[in-house]
Amino acid sequence: MAQIEVEITIGGRSFEVACQEGEEQYLYAAARMLDNEAGVLIDQIGRIPESRMLLMAGLMLADRTVGLEERLREAEDRIGTLTQELTELRDAPPPEPERIEVPVIPPDVTDAFAELTARAEALAEALEEKAKASA
């Protein structure tokens, strides 16, 4: 690819910079970032020599970049940990089914309840018959 000359403005000063054809948008974006930092310096300090402005603006961007790189490393470490945990969970055998015991009522208790029920029904019938007879 051929190199082309691009004019950028940083801190109110114009610069001619060469870049590869097709890379202009990246250069303009980088120049805007540097210009923003230079603008902050000019607002805070006022007019400063070009080399000092570019140095300080570059250092401010480098500081921001270092912070972002640290956050990126932390995020990548976290992703690695989570990916490992996910792999371990996927590869782990399924848990053993939980055994649930249902109590069984012994037959003699069931028989006793059936007998009590039959007696209660017989008493209820006897009371009903007495109530009809007295009415």
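See the structure shown above.
The rules behind the values
Residues numbered from 1 in each chain as written. Predicted model: local features only at pLDDT ≥ 70, side-chain atom pairs only at ≥ 80, totals over all residues. Heavy atoms only, no water. Salt bridge = Lys/Arg side-chain N within 4 Å of Asp/Glu carboxyl O. Buried < 20%, exposed > 50% of the residue type's maximum accessible area, 1.4 Å probe, protein only. Helix = DSSP H or I, 4+ residues; strand = E, 2+ residues; numbered from the N terminus. Contact = heavy atoms within 4.5 Å.

K.L.:
So what about the pattern of salt bridges? Which residues, and what values?
P.N.:
Here the structure, examined in full by the defined rule, presents four salt bridges. Between E101 and R99 there is a salt bridge; the shortest N-O distance is 3.9 Å. In this structure, E101 and R99 share a single accessibility class: exposed. A salt bridge links E115 to R119, with the nearest nitrogen and oxygen atoms 2.8 Å apart. A residue pair is termed a helical-turn pair when its members lie 3 or 4 positions apart in one helix, as E115 and R119 do in helix α3 (residues 107–134) at four residues. The class for E115 is partly exposed, based on a relative accessible area of 45%. The class for R119 is exposed, based on a relative accessible area of 52%.

K.L.:
Mind laying out the side chain of E37, listing which residues take part and the relevant values?
P.N.:
Counting through the fold element by element, E37 comes out in helix α1 (residues 24–45). Leave out the neighbours within four places in its chain, and E37 touches A57, M60, L61 and R64.

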